[in-house]
Amino acid sequence: MAIFGNSVGNIIVTAVITWTLQRRVALATRLLKGLRCFTITAAGATSAKSVPTDSKNTPIPRPTKQQAAKAKKRDNDLGEANAVTTVPLSISQVESTAFYSYLDVAVLAVPAAIANYVLGEIQQALGFSGNFLPALAGAILIVLALWALLNVTMLTHLSPAFDKGCTVGFAILSGVAAMAVLTICPEDVLSFDTEMATHALSQATGALMRNKASTEAGKHMPDPPIDPLLLEVALALLGGMLGGLLLTPIMRITRNFASAVDPPEWGQDQMGLPSWLKLTLHLNLILPAVATVIWVTPLFQEPLEIPKEVMPKLKAAIMMCIAVVQLVNARSLVQSYLNSGLKQWHSMKHAPPAGAAGTKTGEVIAFKLRVVNTLLVKVAIQCIAPAIILTGCTIIILQHSDDGRSDILTSGNPKSAEILQIPISFWVCIADFCGWWTCICWFWYGACFLTLIKSNLLQA
């Protein structure tokens, strides 16, 4: 059989593409390489200094003895932190930063999953049987993104206990809200086809049991009943996990957005962005709001009279748009986070905080800059994880909308009937809910955090 008609062939081709990208492109390092971080500089190095307060060529008055003494004391307090160096991130710096392995795997999985989907499309165009690998690759993307978020949020000592507590609390609230939506909301308003998914899974399970049966009676046994409530409970648990793990990433994205589009006057040269990037950053918050409406039948499908069979492709299209925009903005958002180090340096230099006895302001600044630089990969994961989740959901939904021949995708192996083949409608039910819940968390969290920032209750 030709390579595109065999799952093993798909795996080999995908592995070759992935290996080539890793060796030749190094996507994870390309994502961060060249961004500007800030460190304490030694005297004489190129530094990013504060903007002068007097731009005219007016003579500067000679300081008094008292002013000179204060200036000397301030310089002694700041030490080498009187100026900072702008350092472009190198590959070695990125790869040696905490959490890099999670970023590397998650980023590399995206082109691998997309390549798998494209190979599946070529396979179908050549007339071969359907393939389960694209749906599996999409599901792996979702799992990898959630695993990376779990590690950078909960399974590390670098996350504050308060953040972990909020993650757990919002996970519980999100799970309860998801269960309420799944059980209370009418199907003609919002439907994820849980009944169809459980019915298809029941048929697949029954077919497997009849194939495995050794007696004549067993070969005629009916399909085992599966209550849709079980699937709804599983989806609610997934919604709780999404709601908890997306809390700090959306807060980070929103704060970095507010900082990037409205930099301080003294930092326009260092932090300013071109207009087109500011537009994409605004789209980053608008598109999830649009996506939440598309799923609600009376608000979108019915008024526009869109056929039901077109809706999966529309959902996939809006999720892919959100993912692409987010990936385009990833570097700007991470740079906005790194700029917070420059902001802290400027703020503490001109208004030194009341520190502990014996602690110089320069030491505090140096510590804060080290913290910012240490956590840059964590922030990068938080910025791209929602996009990776939506990419996985898109691949699963697109495969379903393109494969109308059978609800059960086979592996191209004659012995595939001897193992349980998970129906594609079951995959799609999970992806459909996962994509919508990610968008609604993105919209509501982003709106709340942006309101807090505008009200000066949360610092950008």
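Structure: see above.
### A look at the overall build of the protein chain
No. 1: From N to C terminus, the protein chain includes 17 helices and two strands.
No. 2: The 460 residues of the protein chain split such that 45% are buried.
No. 3: When contacts within the protein chain are restricted to residue pairs at least 6 apart in sequence, long-range pairs at least 24 apart make up 84% of them.
No. 4: Accessible surface, the protein chain: about 23000 Å² in total, of which carbon and sulfur atoms supply 64%.

### A look at the pattern of salt bridges
No. 1: Within the structure shown, the criterion is met by one salt bridge.
No. 2: Lys 315 is the salt-bridge partner of Asp 432, the closest N and O atoms lying 3.4 Å from each other. Of this pair, Asp 432 sits in helix 17 (residues 424-454) while Lys 315 sits in helix 14 (residues 311-350), and the two are 117 residues apart along the sequence.
No. 3: Judged by relative accessible area, Lys 315 falls into the buried class, the value being 11%.

### Section: empty space enclosed by the protein
No. 1: The full count for this structure, using the stated rule, is two cavities of 30 Å³ or more.
No. 2: Its boundaries defined by the atoms lining it, the second largest cavity holds a volume of some 40 Å³.
No. 3: Around the second largest cavity, the lining residues are Leu 103, Ala 106, Ala 145, Ala 148, Ile 381, Ile 384, Ala 385 and Ile 388.
No. 4: Contributing elements (two or more residues each) for the lining of the second largest cavity: helix 5 (100-125), helix 6 (133-153) and helix 16 (376-402).
No. 5: Tallying contributions element by element places helix 16 first for the lining of the second largest cavity, with four residues.
No. 6: Residues belonging to the lining of the second largest cavity are distributed by class as follows: eight nonpolar, no polar and no charged.

### Topic: the layout of surface pockets
No. 1: Of the volumes computed, that of the largest pocket is approximately 720 Å³.
No. 2: As for the largest pocket, its lining consists of 24 residues, and the residues nearest its centre are Arg 252, Arg 255, Tyr 337, Ser 340 and Gln 344.
No. 3: The dominant element in the lining of the largest pocket, judged by the number of residues it contributes, is helix 10 (residues 247-261), at six residues.

### Brief notes about the nonpolar core
No. 1: Of all hydrophobic cores here, the largest spans 103 residues; its most connected members are Leu 32, Leu 103, Trp 295 and Ile 389.
No. 2: A per-element tally of this core places helix 17 first, with 17 residues.
No. 3: Contacts of Ile 389, omitting those with residues within four sequence positions, involve Ile 142, Ala 145, Leu 146, Leu 242, Leu 246, Cys 434 and Thr 438.

### Examining the side chain of Asn 284
No. 1: Locating Asn 284 in the fold gives a position in helix 12 (residues 275-294).
No. 2: On the accessibility criterion, Asn 284 (3% relative accessible area) is buried.
No. 3: Within the structure, Asn 284 has its side chain in polar contact with the side chain of Gln 326 (distance 2.5 Å).
No. 4: Ignoring anything within four residues of it in the chain, the contact list for Asn 284 reads Ile 253, Val 325, Gln 326, Asn 329, Leu 333 and Trp 442.

### Examining helix 14
No. 1: Taking 1.5 Å per residue as the helical rise, helix 14 with its 40 residues ought to reach 58 Å, and the 56 Å between its terminal C-alpha atoms agrees with that figure.
No. 2: At Asn 329, helix 14 shows its maximal kink, close to 45 degrees.

### Some remarks on unusual backbone geometry
No. 1: Phi is positive for Asp 193, close to 55 degrees, though the residue is something other than glycine.
No. 2: Topologically, Asp 193 is positioned in the loop between helix 7 (161-184) and helix 8 (194-212).
No. 3: Residue Asp 193 is classed as partly exposed on the basis of its relative accessible area of 32%.
No. 4: Positive phi, normally seen in glycine, also occurs at Asn 456, with a value near 60 degrees.
No. 5: With respect to the helices and strands, Asn 456 occurs in the segment after helix 17.

### A few points about the packing of helix 10 against helix 12
No. 1: Interhelical geometry of helix 10 versus helix 12 gives an angle of 150 degrees and a closest axis separation of 10 Å. Classified by the angle their axes make, helix 10 and helix 12 are roughly antiparallel. Crossing hand, helix 10 versus helix 12: left-handed. On helix 12, the residues that touch Ile 253, Phe 257, Ala 260 and Val 261 of helix 10 are Lys 278, Leu 281, His 282, Asn 284 and Leu 285.
No. 2: Its residues assigned to classes, the contact of helix 10 with helix 12 shows six nonpolar, two polar and one charged.

Criteria and thresholds
Residues numbered from 1 in each chain as written. Predicted model: local features only at pLDDT ≥ 70, side-chain atom pairs only at ≥ 80, totals over all residues. Heavy atoms only, no water. Helix = DSSP H or I, 4+ residues; strand = E, 2+ residues; numbered from the N terminus. Buried < 20%, exposed > 50% of the residue type's maximum accessible area, 1.4 Å probe, protein only. Contact = heavy atoms within 4.5 Å. Areas by Shrake-Rupley, 256 points an atom, 1.4 Å probe, with all protein chains shown as cover. Salt bridge = Lys/Arg side-chain N within 4 Å of Asp/Glu carboxyl O. 1 Å grid on protein atoms, 1.4 Å probe; cavity = no way out; pocket = protein on both sides within 12 Å on 5 of 7 lines; lining within 4 Å. Points joined across faces, edges and corners; volume = space filled by probe spheres on them. Nonpolar A, V, L, I, M, F, W, Y, C, P; charged D, E, K, R; others polar. Core = buried A, V, L, I, M, F, W, Y, C linked by side-chain atoms within 4.5 Å. Polar contact = N/O pair within 3.5 Å; in protein donor to acceptor, adjacent residues only side chain to side chain. Expected span 1.5 Å × (residues − 1). Bend = angle between axes of the 7 residues up to and from the residue. Axes fitted to C-alpha atoms, helices over the stretch in contact; angles between N-to-C directions. Parallel < 35°, antiparallel > 145°, perpendicular 65-115°, else oblique. Left-handed = near helix turned anticlockwise from the far one by under 90°.

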